[in-house]
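Architecture at a glance
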Amino acid sequence: MFYSKNPVFSEKSIVKAEVLQENVLYPMRMFEHLYADYTDGIVTGVRLQAKDTDELLLSPGIIKYQGRLYHMEESACVEFEHNNRMNYLKIRFDNGERTSDGELFHTQVLLTNEETCFPYEMELGRFFTEAGARLIDHAQHFEDFFIEHNHIDVRYVPYSARTEATISPEITVAFARDMLQKQEKGEADICFCMQCLRKEPVDREIICAYISAKTGRPVAKMNNAQMCEALLSILKKERTMVAERQTFRERRSIIVD
């Protein structure tokens, strides 16, 4: 049956080894239950930040892979070169090893020029660096995520969600902020933007339903980059429609002397 456990130890009580182990494992099991229905991908954190030097700062966070939660408690630095090539930052999951007190599953963070990820790898970001240029790690507007050179691209990074991995909440938040600035918005726009502004990963099903509602046709299976392209098209279309309506009103205006 369901239960909630809160261990209490008195000053001179003797704690048995099995009781101590149970109390150590209890929080981790609760955490695993919390994300049991989630897919592989970034759960929280793991954000890339460009430093003034030729280094990337990878923030602490949690990643889920093959049902197992991996956590990093301190930031990690990754050196890179301005090589006029596309660079791919990945995490590689190694096999577990038996230790004296359990199992330990290691990971490696590597920077490569190979786009394809092996089944035991996951992309954390990509960027094309030019000599003498500074790498940018943030986006002012939604369209900034599509900058090709000297900008960290997170469109392809899988984020953990229910049923199927989804895109970064940084992307959906930026979309929502730009869309809400439009003069004319429909109910679908407002509902979707409110979901995005929770600053959590938005389920792929919700994103595809919104794209389908805006385009008026069923959405075929899309990868992360294709979903971002579809959202960009919606944003540009709204901007074009507003401009056309403004031009039409100006043409209809009559000046009476």
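Going by the structure above, here's the rest.
No experiment lies behind these values; they were computed from the predicted model shown.

A few words on the pairing of strand β7 (residues 86-99). Pairing of β7 with strand β9 (residues 121-128), which is carried by seven bridges, proceeds in the antiparallel orientation. Bridging across to β9, K90 finds its partner in E123. As paired elements, β7 and strand β8 (residues 102-112) share 10 bridges and run antiparallel to each other. Bridge pairing in β8 places L89 opposite L111. Taking the residues that link successive antiparallel strands as the turn, the β7-β8 hairpin has two residues.

Moving on: the pairing of strand β4 (residues 61-65). Burial of β4 is extensive: five of the five residues sit out of reach of the surface. Strand direction decides the pairing type here: strand β1 (residues 41-45) and β4, joined by four bridges, are antiparallel. Following the sheet pairing, G41 is matched in β4 by K64. One ladder, built from five bridges, connects β4 with strand β5 (residues 68-72); its direction is antiparallel. When the bridges of β5 are listed, I62 appears paired with H71. Joining the antiparallel neighbours β4 and β5 is a turn of two residues, in which Q66 adopts a positive phi near 50°.

About the criteria used
- Residues numbered from 1 in each chain as written.
- Predicted model: local features only at pLDDT ≥ 70, side-chain atom pairs only at ≥ 80, totals over all residues.
- Heavy atoms only, no water.
- Pairing = 2+ DSSP bridges.
- Helix = DSSP H or I, 4+ residues; strand = E, 2+ residues; numbered from the N terminus.
- Buried < 20%, exposed > 50% of the residue type's maximum accessible area, 1.4 Å probe, protein only.

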